[in-house]
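Residue-level listing of the chains:
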Amino acid sequence: MSDNPVVGRFAPSPTGRMHAGNIYAALAAWLVAKSQGGRIVLRIEDLDRERSKAAYINQVQRDFEALGLYWDEGPFFQHDRDEAYCAAFDTLKERGLVYPCYCTRADLHAASAPHRGEKPVYPGTCRHLSTAECASREADGRKPAMRLAVDERDISLVDLVQGPYRQNLERDCGDFLVQRSDGAFAYQLAVVVDDAAQGITSVVRGVDLLCSTPQQIYLQELLGLPHPTYAHVPLLVGEKDRRLSKRDKDAALDELLVRFGTPRAIVGHIAGITGLAASDEPATPEELLKDFSAKKFRARIPDAVQIPWR
Ligand code: GLU
């Protein structure tokens, strides 16, 4: 193994059965790490306690195994990690960068227009509340969420699939949540703390998370954590460009098994339509490795943003 081993990850949220899009992202992450002699960490992202179900936590692991997507470390669980998230949160707080936000969903909806078709920009409503204003909101029984103040710098990265990407956090994102009003730490904070603690050097995931990456890079800078490389793979989309979803049970693994017959046939088909392999012949992830190069995989992707599921 080289001095700088590649460490990739699977980071499923156990909120439903895996679908073809999840399998594609996991397969790409596995191939990128393994083709460079690297390792894969499994992290179960069960921050959302209400939507995470024990049955899915179990199922997702069986699904990876059935597909031949083996991991080398973990599973690690986000529900075990509150202490680490708390320490990071305190560091940000000590630097005076965190403030309480009392906005309701309706306030946020009314105040923030989605920007550049990406995500709503928080307009800074609660950024400068006085102590007295905070106290009066709390006297009304409102529990605040906590936001991180951003600065006006541009954050840029070169994504291995999407190419150069830039965001101005103030203009394109606004101050973002690091803790929800129910006390749960937010995804952006947890993912950054976990990627660092688990030694992740290579993040491969769906392009829907590209617009979160500048927030994660900003947090890594504030917390003095290393930056992994990022590769955001296209989304698989159904009819009318609708992304596949767990809720709609689109292309869920049990239905894929009925259609394709074997896990090898599923893996081969997904690899074929996404350009991870030159053909869609049945293949295990291990078999796909022979022909896979992390350097060249972008060139074979049919469209860097979305690929029709068929
Ligand atoms: N848990 C997220 C998901 O299942 C992935 C988050 C990430 O890769 O950073 O969509």
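Here the structure is shown first, and the text comes after it.
Residues numbered from 1 in each chain as written. Predicted model: local features only at pLDDT ≥ 70, side-chain atom pairs only at ≥ 80, totals over all residues. Heavy atoms only, no water.

> I would appreciate a short explanation of the overall build of the chain in the present structure.
Per the secondary structure count, the chain includes 11 helices and 14 strands. Compactness check: the chain gives a C-alpha radius of gyration of 20 Å against a globular reference of 19 Å for 310 residues, within 12% of the reference. Overall size of the chain, expressed as C-alpha extent along the three principal axes, is 65 × 45 × 35 Å. Burial status across the chain gives 50% buried among its 310 residues. Here the analysis covers contacts within the chain between residues at least 6 apart in sequence; of these, 77% occur between residues at least 24 apart. A total accessible area of about 15100 Å² is found for the chain, and carbon and sulfur atoms account for 51% of it. Taking the average location of the 39 positive side-chain charges in the chain and that of its 43 negative ones, the two points are 2 Å from each other. (Helix = DSSP H or I, 4+ residues; strand = E, 2+ residues; numbered from the N terminus. Rg over C-alpha atoms; globule rule 2.2 N^0.38 Å. Buried < 20%, exposed > 50% of the residue type's maximum accessible area, 1.4 Å probe, protein only. Contact = heavy atoms within 4.5 Å. Areas by Shrake-Rupley, 256 points an atom, 1.4 Å probe, with all protein chains shown as cover. Lys, Arg positive; Asp, Glu negative; His and termini not counted. Charge placed at Lys NZ, Arg CZ, Asp CG, Glu CD.)

> Teacher, can you tell me more about the packing of helix H3 (residues 82-94) against helix H7 (residues 187-197) here?
A pair of packed helices is characterised by two quantities: the angle between their axes and the separation of those axes. Two elements in contact, H3 and H7, have axes whose closest approach is 10 Å; the angle formed by their N-to-C orientations is 110°. By the criterion of interaxial angle, the relationship of H3 to H7 is roughly perpendicular. Across the interface between the two elements, Ala-84, Tyr-85, Ala-88, Phe-89 and Leu-92 from H3 touch Leu-189, Ala-190, Val-193 and Asp-194 from H7. For the contact of H3 with H7, a count of residues per class yields eight nonpolar, no polar and one charged. (Axes fitted to C-alpha atoms, helices over the stretch in contact; angles between N-to-C directions. Parallel < 35°, antiparallel > 145°, perpendicular 65-115°, else oblique. Nonpolar A, V, L, I, M, F, W, Y, C, P; charged D, E, K, R; others polar.)

> Quick question: what am I supposed to make of the pairing of strand E9 (residues 163-168) here?
Both faces of the sheet carry side chains from a regular strand, because those side chains alternate between them. Relative to E9, strand E8 (residues 154-159) runs antiparallel, the two being bridged by six bridges. The residue of E9 that forms the bridge with Ser-156 is Arg-166. Linking two consecutive strands that pair antiparallel, namely E8 and E9, is a turn of three residues. (Pairing = 2+ DSSP bridges.)

> Got a minute to help me understand the nonpolar core in this structure?
Nonpolar side chains in soluble globular proteins tend to end up buried together. The biggest cluster of nonpolar side chains holds 51 residues, and the ones touching the most others in it are Phe-64, Leu-256, Leu-276, Phe-297 and Trp-309. Elements that contribute at least two residues to this core include exactly helix H1 (20-34), strand E2 (39-44), helix H2 (54-67), strand E12 (229-233), helix H9 (253-260), helix H10 (263-274) and helix H11 (285-289). A total of 12 residues in this core trace back to one element, the largest contributor, which is H1. Residues within four places of Phe-297 in sequence aside, it is in contact with Val-32, Val-161, Ala-231, Val-233, Leu-276 and Phe-292. Core analysis: the second largest hydrophobic core is formed by 38 residues, Cys-173, Val-178, Ile-217 and Leu-223 among them. (Core = buried A, V, L, I, M, F, W, Y, C linked by side-chain atoms within 4.5 Å.)

> I keep staring at the state of the cysteines and nothing clicks. Help me out?
What is meant by a disulfide is a covalent connection between two cysteines, made through their sulfur atoms. Tallying each qualifying case throughout the model produces zero disulfides. We note that Cys-86 lacks a disulfide partner, and the nearest cysteine sulfur, in Cys-101, lies 19 Å from it. (Disulfide = S-S within 2.5 Å.)

> Teacher, can you tell me more about the sheet that holds strand E1 (residues 7-10) here?
Adjacent strands of a sheet pair through backbone hydrogen bonds, lying either parallel or antiparallel. In space, the three strands of this open sheet follow the order E1-E2-E3, with parallel pairing throughout. Every interior strand has two partners, whereas the edge strands, E1 and strand E3 (73-77), have only one. Strand-to-strand, the axes of this sheet are offset by a mean angle of 25°, without reference to chain direction. Note: E2 against E3, three bridges, orientation parallel. Paired with Arg-43 across the strands is Phe-76, a residue of E3. The sheet strands contacting H1 are E1 and E2, and the helix crosses E2 at an angle near 145°. Together, E1, E2 and E3 form the strand contacts of H2, whose direction differs from that of E2 by roughly 160°.

> Explain the site of the ligand to me, please; I cannot follow it from the model alone.
In the vicinity of the ligand, the contacting residues are Arg-9, Ala-11, Pro-12, Ser-13, Glu-45, Tyr-187, Val-191, Arg-205 and Leu-209. Here a nitrogen atom of the ligand and a side-chain polar atom of Glu-45 are 2.6 Å apart. Here the ligand loses 77% of its free accessible area of 300 Å² to cover by the protein chains. Within the shell around the ligand, the residues separate by chemical class into five nonpolar, one polar and three charged. (Near = heavy atom within 4 Å. Polar contact = N/O pair within 3.5 Å; in protein donor to acceptor, adjacent residues only side chain to side chain.)

> How should the sheet that holds strand E7 (residues 145-148) be read in this particular structure?
The antiparallel open sheet is built from three strands, whose spatial order is E4-E7-E10. Strands at the two margins of the open sheet, each flanked by one partner only, are strand E4 (98-101) and strand E10 (176-179). Across this sheet, the average inter-strand angle for adjacent strands is 50°, counted without regard to direction. Looking at chain direction, E4 and E7 are connected through four bridges and run antiparallel. In the sheet register, Tyr-99 faces E7, and the bridge partner there is Arg-147.

> Before we go on, may I ask you to explain the side chain of Arg-205 in this structure?
Tracing the sequence through the fold places Arg-205 in strand E11 (residues 202-206). For the buried residue Arg-205, which engages in no salt bridge, the nearest side chain bearing the opposite charge is Asp-195, 5.2 Å off. In terms of polar contacts, Arg-205 uses its side chain to reach the side chain of Thr-213, at 2.9 Å. What Arg-205 contacts, discounting residues up to four positions off in sequence, is Arg-9, Ala-25, Tyr-187, Thr-213, Gln-216, Tyr-230, Ala-231, His-232 and Val-233. (Salt bridge = Lys/Arg side-chain N within 4 Å of Asp/Glu carboxyl O.)

> Got a minute to help me understand the packing of aromatic side chains in this structure?
Aromatic ring pairs are defined here through the distance separating the ring centres and the angle between the ring planes. Counted by the stated rule, this structure contains six aromatic pairs. Measuring from centroid to centroid gives 4.4 Å for Phe-10 and Phe-64, while their planes differ by 15°, and the two rings are stacked. Here the residue Phe-10 occupies a position in strand E1, and Phe-64 occupies one in helix H2, the gap between them amounting to 54 residues. Between the aromatic rings of Phe-176 and Tyr-218, the centroid separation amounts to 6.5 Å while the plane-to-plane angle is 70°, which identifies the pairing as edge-to-face. A residue pair is termed long-range when its members are at least 10 positions apart, and Phe-176 in strand E10 and Tyr-218 in helix H8 (residues 213-223) qualify at 42 residues. Owing to a relative accessible area of 2%, Tyr-218 belongs among the buried residues under this scheme. When the ring centre of Tyr-122 is taken as reference, the NZ or CZ atom of Arg-147 above it lies at 3.6 Å. (Phe/Tyr/Trp six-rings, centres within 6.5 Å; stacked < 30°, edge-to-face > 60°. Lys NZ or Arg CZ within 6 Å of the ring centre and 35° of its normal.)

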